[in-house]
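Remarks on the overall topology
So you can see what is in the structure, the chains are spelled out below.
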Amino acid sequence: MKFPREKRESRTVVTPPPEAVQRVDGGGAWGPTQFALPDRGGSSSQAILIVILVGVVILLVIAGLWTLAYFQFT
């Protein structure tokens, strides 16, 4: 059994406060952010490199612990 689609008119759910137009530095329309936002045209290669390095270190630690446990208990 198919029901006809209900038509709804679109409406704005939430709008930024009026003083948000004056805010330029230190965050978006809702206020300051906790983190420094990158430039619009900038690249995030440094952040990507840090995440990759941390991931590799974590994988090496896990592999080392697994190897240690393997040879310790066999």
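Residues numbered from 1 in each chain as written. Predicted model: local features only at pLDDT ≥ 70, side-chain atom pairs only at ≥ 80, totals over all residues. Heavy atoms only, no water.

Looking only at helices and strands, the protein chain features one helix and two strands. Its helices and strands in sequence order give the protein chain the pattern β-β-α, from N to C terminus. By residue count, 3% of the 74 residues in the protein chain fall in the buried class. When the accessible surface of the protein chain is summed, it comes to about 7900 Å², and 64% of that surface belongs to carbon and sulfur atoms. (Helix = DSSP H or I, 4+ residues; strand = E, 2+ residues; numbered from the N terminus. Buried < 20%, exposed > 50% of the residue type's maximum accessible area, 1.4 Å probe, protein only. Areas by Shrake-Rupley, 256 points an atom, 1.4 Å probe, with all protein chains shown as cover.)

Attention now moves to the confidence of the model for the protein chain. Per-chain confidence: the protein chain averages 79 in pLDDT, with 68% of residues scoring 70 or above. Looking across the protein chain, the model is least confident in strand S1 (residues 27-28), with a mean pLDDT of 57, and most confident in helix H1 (residues 45-72), with 94. (pLDDT = per-residue confidence, 0-100.)

Turning to a nonpolar patch on the surface, a few remarks are in order. The grouping of Ile50, Val54, Ile58, Leu59 and Ile62 at the surface amounts to a nonpolar patch, some 480 Å² of accessible area in total. Judged by its relative accessible area of 57%, Leu59 is exposed. (Patch = residues over 30% accessible without salt bridge, like charges linked within 9 Å, V, L, I, M, F, W, Y side chains within 5 Å. Salt bridge = Lys/Arg side-chain N within 4 Å of Asp/Glu carboxyl O.)

Counting across every chain of the model gives two aromatic pairs. Between Trp66 and Tyr70, the aromatic rings sit 5.4 Å apart at their centres with planes inclined by 15°, giving stacked as the arrangement. Placement of the pair is Trp66 and Tyr70 together in helix H1, with a separation of four residues, close to one helical turn. With a relative accessible area of 59%, Trp66 lands in the exposed category. Residue Tyr70 is classed as partly exposed on the basis of its relative accessible area, which comes to 41%. An angle of 80° between the planes, with centres 5.2 Å apart, marks the rings of Tyr70 and Phe71 as edge-to-face. Among the aromatic side chains, those forming a connected cluster through ring pairs are Trp66, Tyr70 and Phe71. (Phe/Tyr/Trp six-rings, centres within 6.5 Å; stacked < 30°, edge-to-face > 60°.)

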